[in-house]
Amino acid sequence: MNELVTGDAVVLGLQPARLPSRALAIAIDLAVVLTVFVLISIGLAVATVTLDEAASAAIAVATFLLVLVGGPIAVETLSHGRSLGKLACGLRVVRDDGGPIRFRHALVRGSMGVVEILGTFGVVGCIASLVSARGRRLGDVFAGTLVVRERVPTGRAVAVPPPPPWLVGRFAQLDLSAVPDGLWLAIRQYLTRMHQLDAGVGGSIAQRLADDLAGRTGVPVPQGVPAAAYLAAVVNERQARDVRRVMAAARRGAQGTGPAPVPVPVPTSAVPTAGLLPAGVSRPVEGAASPAVPSGTSPAEAPGGPTATGFTPTAGTTGFAPPA
């Protein structure tokens, strides 16, 4: 597959369409356009039967330009590169940078299509598409466009084979934090394709992967455990941990539990003084000396202490005076 790279060196995941799919899409479009053209021509021929030969020829040329040339241009412009044939084949016309086409792109493609498709019965378009690395015809080259595949077939995901039952849970205490993602990917690819490999080649690959995995975890492969079974058991343990982690996070989210909010202290100067002190108690003046407390006297017995105001602090108080 030819990758498309923008001017910013960004690789676009677009797969250019090849000649067979493009030819099928063009055939569908031509069948629809020619059918419409024939129906309109018959209707105009009946309606203009009383006109002279020059007027009939002018109407025929105008119908040809409007239907066979203007029709595809209008459809590609309004549908952003998805004509009926391309929609049926899963194709789309885009710019070289992957963006949607505009009227000028559709105009150049439609004008060149009259020459390389209608004028030469598609011979020039087929040759240009075969020669081009991206399967582009002359209209795409001049317009700066490309026909890509929108429905790219994806391979069916192959599950990793389960480990032997006697190895399930045996590596529950193994530290897997130092294993890189590249090694996990290599192990998974081997486990999903090990039955397609030669026995000798597959055994050597499994042994090498097992040695790398044991080196990352710091625990050697147990004696008597085949390398492939060891890899499957460790991968199964990692998957089990991931499942448990996801389930625990889901339970915490369902219960609404989370870290308790941190209380933000409010400055005393920002708290209004009205109604915060008990009746008959005045706020001490800033800078005034605190009354001396005799030695051996508890704070509750001191003059102006909590007992004197009628308010006894309790556990968990925030330090602010209670409302009256």
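Residues numbered from 1 in each chain as written. Predicted model: local features only at pLDDT ≥ 70, side-chain atom pairs only at ≥ 80, totals over all residues. Heavy atoms only, no water.

**Comments concerning the overall build of the protein**
A count of helices and strands for the protein gives 10 helices and five strands. A buried classification covers 26% of the 324 residues belonging to the protein. Counting only contacts in the protein whose residues sit at least 6 apart along the sequence, the fraction spanning at least 24 positions is 67%. Per element, the accessible surface of the protein, about 20,800 Å² overall, is 64% carbon and sulfur. (Helix = DSSP H or I, 4+ residues; strand = E, 2+ residues; numbered from the N terminus. Buried < 20%, exposed > 50% of the residue type's maximum accessible area, 1.4 Å probe, protein only. Contact = heavy atoms within 4.5 Å. Areas by Shrake-Rupley, 256 points an atom, 1.4 Å probe, with all protein chains shown as cover.)

**Brief notes about the packing of helix H7 (residues 181-193) against helix H8 (residues 199-217)**
Axis angle and axis distance: for two packed helices, these are the angle between their axes and the distance between the axes, and together they describe the pair. Interhelical geometry of H7 versus H8 gives an angle of 150° and a closest axis separation of 11 Å. Taken together, the axes of H7 and H8 lie roughly antiparallel to each other. Remark: the crossing between H7 and H8 carries left-handed chirality. Between H7 and H8, the residues in contact are Leu-183, Trp-184, Ala-186, Ile-187 and Tyr-190 and Gly-202, Ile-205, Ala-206, Leu-209, Asp-212, Leu-213 and Arg-216, respectively. Tallied by class, residues from the contact of H7 with H8 come to nine nonpolar, one polar and two charged. (Axes fitted to C-alpha atoms, helices over the stretch in contact; angles between N-to-C directions. Parallel < 35°, antiparallel > 145°, perpendicular 65-115°, else oblique. Left-handed = near helix turned anticlockwise from the far one by under 90°. Nonpolar A, V, L, I, M, F, W, Y, C, P; charged D, E, K, R; others polar.)

**Thoughts on H7**
The first and last C-alpha atoms of H7 sit 18 Å apart over 13 residues, in line with the 18 Å expected at 1.5 Å per residue. Taken together, the buried positions of H7 are Leu-183, Trp-184, Ile-187, Tyr-190, Leu-191 and Thr-192. Packed against the buried residues of H7 are H8 and helix H9 (227-255). (Expected span 1.5 Å × (residues − 1).)

**Structural notes on the environment of Ala-106**
Along the chain, the position of Ala-106 falls in helix H4 (residues 103-119). Its relative accessible area of 1% is what places Ala-106 among the buried residues. Excluding its chain neighbours within four sequence positions, the residues that come into contact with Ala-106 are Ile-73, Glu-76, Thr-77 and Ile-101.

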